[in-house]
Amino acid sequence: VKNLLIEKCGIAEENVMGILDSAATGEGIVDALAALKDQSQPDDSVLIWYSGHAFPDSPQGTYLVPHDFDSQNPDSTISAEKLHELITAIPARSKTVVLDTHLNPKLVELARRDKGYALLLAEDSPKSQAAEASIDGRYFGVFTYELVQALTKNLGAPLAKVKEQVEQGIAARKRFAQRPLFVCNKDDSFLMSAGTPADWLEAFDFALRRSYSASLI
């Protein structure tokens, strides 16, 4: 992902922040998002990319599972509401959030309602699995790998086309049934999501998603 941003997107290396392994605590993630709020300007484009564990639909409201997660302490996770609040507070014009983890219906609802950022998710149902696999001798989230491949080949393509390429890449591996979900303006390109309300996709009912799949990308 870092190479994609530097080599293909032309982003300066000092503007790419990574939080890995033991540094990816709840506090570390929250502090990094708060720093983006303080450092971003209204004309900036911001990308937030999370690959890790999550609770898809917890009644306690938990969602992202940081490195220091404590099963006895629900506050050690990051809720969908908290994540949405932190992202929304960033003043950048364009915000893209990639989550290679379980889908959370509440976050999808909030992203659709406020239309302030593009949300690219590894799966379209809380019941499906964001798969991981050994690819070319390295271990990847399958969604992350296929998304990076699609963007490397055609960075300026509309997100609807990018999603199609990601789906084809996942399907070609045959072992994985996951289907990505993009909540965004289908005509935007990566890192250029302006969040125009009239162009955003309609909400969906998880139980009936197959009947209106044409309204999603």
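Above this note sits the structure.
Residues numbered from 1 in each chain as written. Predicted model: local features only at pLDDT ≥ 70, side-chain atom pairs only at ≥ 80, totals over all residues. Heavy atoms only, no water.

**Some details on the nonpolar core**
One finds Ile-48, Tyr-63, Leu-83, Leu-99, Leu-107, Leu-119 and Leu-121 to be the most contacted residues of the largest nonpolar core, which totals 27 residues. Those elements that provide at least two residues to this core are α2 (26-39), β1 (45-51), α3 (80-88), β4 (94-100), α4 (105-114), β5 (118-121) and β8 (181-183). For this core, the leading source of residues is α3, giving four residues. Other than its neighbours up to four places away in sequence, Leu-121 contacts Tyr-63, Leu-99, Leu-103, Val-108, Phe-143, Pro-180, Leu-181 and Phe-182. In terms of nonpolar packing, the next biggest core, distinct from the first, is built from 26 residues, Leu-120, Ile-135, Val-162 and Ile-170 among them. (Core = buried A, V, L, I, M, F, W, Y, C linked by side-chain atoms within 4.5 Å. Buried < 20%, exposed > 50% of the residue type's maximum accessible area, 1.4 Å probe, protein only. Helix = DSSP H or I, 4+ residues; strand = E, 2+ residues; numbered from the N terminus. Contact = heavy atoms within 4.5 Å.)

**Some thoughts on the packing of α3 against α4**
For the pair α3 and α4, the least separation of the axes is 9 Å and the interaxial angle reads 30 degrees. Here α3 is positioned roughly parallel relative to α4, judged by the angle of their axes. Crossing geometry of α3 relative to α4 is assigned as right-handed. Here Ala-80, Glu-81, Leu-83 and His-84 of α3 come into contact with α4, specifically with Lys-106, Leu-107, Leu-110, Ala-111, Arg-113 and Asp-114. For the contact of α3 with α4, the residue count by class is five nonpolar, one polar and four charged. (Axes fitted to C-alpha atoms, helices over the stretch in contact; angles between N-to-C directions. Parallel < 35°, antiparallel > 145°, perpendicular 65-115°, else oblique. Left-handed = near helix turned anticlockwise from the far one by under 90°. Nonpolar A, V, L, I, M, F, W, Y, C, P; charged D, E, K, R; others polar.)

**Topic: the packing of helix α5 (residues 142-153) against helix α6 (residues 159-172)**
Between α5 and α6, the least distance of the axes is 9 Å, while the angle of their chain directions is 130 degrees. One finds that α5 runs oblique with respect to α6. As α5 packs across α6, the resulting crossing turns out to be right-handed. Residues Val-142, Phe-143, Glu-146, Leu-147, Ala-150 and Leu-151 of α5 form the contact with α6, whose own contacting residues are Val-162, Gln-165, Val-166, Gly-169 and Ile-170. Class assignment of the residues belonging to the contact of α5 with α6 gives a composition of eight nonpolar, two polar and one charged.

**As for a negative patch on the surface**
On the surface, Glu-27, Asp-31, Asp-68 and Asp-70 cluster together into a patch of negative charge. One can find Glu-27 in helix α2. (Patch = residues over 30% accessible without salt bridge, like charges linked within 9 Å, V, L, I, M, F, W, Y side chains within 5 Å. Areas by Shrake-Rupley, 256 points an atom, 1.4 Å probe, with all protein chains shown as cover. Salt bridge = Lys/Arg side-chain N within 4 Å of Asp/Glu carboxyl O. Lys, Arg positive; Asp, Glu negative; His and termini not counted. Charge placed at Lys NZ, Arg CZ, Asp CG, Glu CD.)

**Here we look at the sheet that holds β5**
Taken together, the four strands give an open sheet; going across it, the order is β1-β4-β5-β8, and neighbouring strands pair in mixed fashion. Each of the sheet's edge strands pairs with one partner strand only, and the pair in question is β1 and β8. Shown here is a sheet whose adjacent strand axes are inclined to one another by a mean of 10 degrees, direction ignored. (Pairing = 2+ DSSP bridges.)

**Some details on unusual backbone geometry**
Residues other than glycine seldom take positive phi values, yet Lys-115 does so here, at roughly 55 degrees. Along the polypeptide, Lys-115 turns up in the loop between α4 and β5. A relative accessible area of 25% means that Lys-115 is categorised as partly exposed.

**Observations concerning the pattern of salt bridges**
Taken as a whole, this structure holds eight salt bridges when the rule is applied. The closest approach of N and O atoms between Asp-114 and Arg-113, which form a salt bridge, is 2.8 Å. The residue Asp-124 makes a salt bridge to Arg-179 at a minimum N-O spacing of 3.0 Å. One end of the pair, Asp-124, is in the loop between β5 and β6 (132-135); the other, Arg-179, is in the loop between α6 and β8, and 55 residues separate them in sequence.

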